[in-house]
Amino acid sequence: MFSKLWLKNIEFLLGMTIWYDILFAVNLVSKNLQSKDMCIDEAIEQIKGLLSFFEKYWENGFENALISTKEIAFEMDIEPKFREKCISRRKK
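In short, a report on the structure. None of the values given here were measured: they were computed from a predicted structure.

Scoring rules and cut-offs
- Residues numbered from 1 in each chain as written.
- Predicted model: local features only at pLDDT ≥ 70, side-chain atom pairs only at ≥ 80, totals over all residues.
- Heavy atoms only, no water.
- Helix = DSSP H or I, 4+ residues; strand = E, 2+ residues; numbered from the N terminus.
- Buried < 20%, exposed > 50% of the residue type's maximum accessible area, 1.4 Å probe, protein only.
- Contact = heavy atoms within 4.5 Å.
- Expected span 1.5 Å × (residues − 1).
- Polar contact = N/O pair within 3.5 Å; in protein donor to acceptor, adjacent residues only side chain to side chain.
- Phe/Tyr/Trp six-rings, centres within 6.5 Å; stacked < 30°, edge-to-face > 60°.
- Bend = angle between axes of the 7 residues up to and from the residue.

With that settled, the discussion passes to the environment of Leu-50. Checked against the element boundaries, Leu-50 lands in helix α3 (residues 40-75). On the basis of relative accessibility, which here comes to 16%, the residue Leu-50 falls in the buried class. The spatial distance from the C-alpha of Leu-50 to the C-alpha of Ala-25 is 7.1 Å, given a sequence separation of 25 residues. Contact partners of Leu-50, with chain neighbours within four places excluded, come to Ala-25, Val-26 and Val-29.

Attention now moves to helix α2 (residues 10-33). Taking 1.5 Å per residue as the helical rise, α2 with its 24 residues ought to reach 34 Å, and the 35 Å between its terminal C-alpha atoms agrees with that figure. Among the residues of α2, Ile-10, Leu-13, Leu-14, Thr-17, Ile-22, Ala-25 and Val-29 are the ones counted as buried. Sitting at the amino-terminal end of α2 is Asn-9, which places a side-chain oxygen 2.9 Å from the backbone nitrogen of Glu-11.

Attention now goes to the packing of aromatic side chains. The description of an aromatic ring pair uses the distance of the two centres, along with the angle that the planes make with each other. If you walk through the whole model with that rule in mind, you get 3 aromatic pairs. Ring plane angle 35 degrees and centroid distance 5.6 Å describe the contact between Phe-53 and Tyr-57, whose orientation is recorded as tilted. Placement of both Phe-53 and Tyr-57 in helix α3 is noted, with a separation of 4 residues, approximately one turn of the helix. Taken together through their ring pairs, the aromatic side chains of Phe-53, Phe-54 and Tyr-57 make up a single cluster.

Looking now at α3. Owing to its 3.6 residues per turn, the α-helix brings residues three or four apart onto one side. A rise of 1.5 Å per residue sets the reference length of α3, with its 36 residues, at 52 Å; its end C-alpha atoms lie only 44 Å apart and thus fall more than 12% short of the reference. The sharpest bend along α3 measures roughly 65 degrees and falls at Asn-60. Asp-77 lies just past α3 and shows a positive phi near 60 degrees.

Okay, here's the thing in structure tokens:
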């Protein structure tokens, strides 16, 4: 029951989408770097490519992840609406 509630949470789905994108890119580079015939020049290019991915993801990755998450939410029949944060007020 608890896990089903998390899956119906748009914030959770967005987090999972972002983590999937990031870990997928890192895993590809990691697998390539672990190959026995990897040379240092190729390894440097792989790491530069990963850094480039992170720079691009920083610029527009969130918007793309949000679009993907809304599509997933639609397929799962989840309302793609984020909760509004409560503003706490302190008494003076």
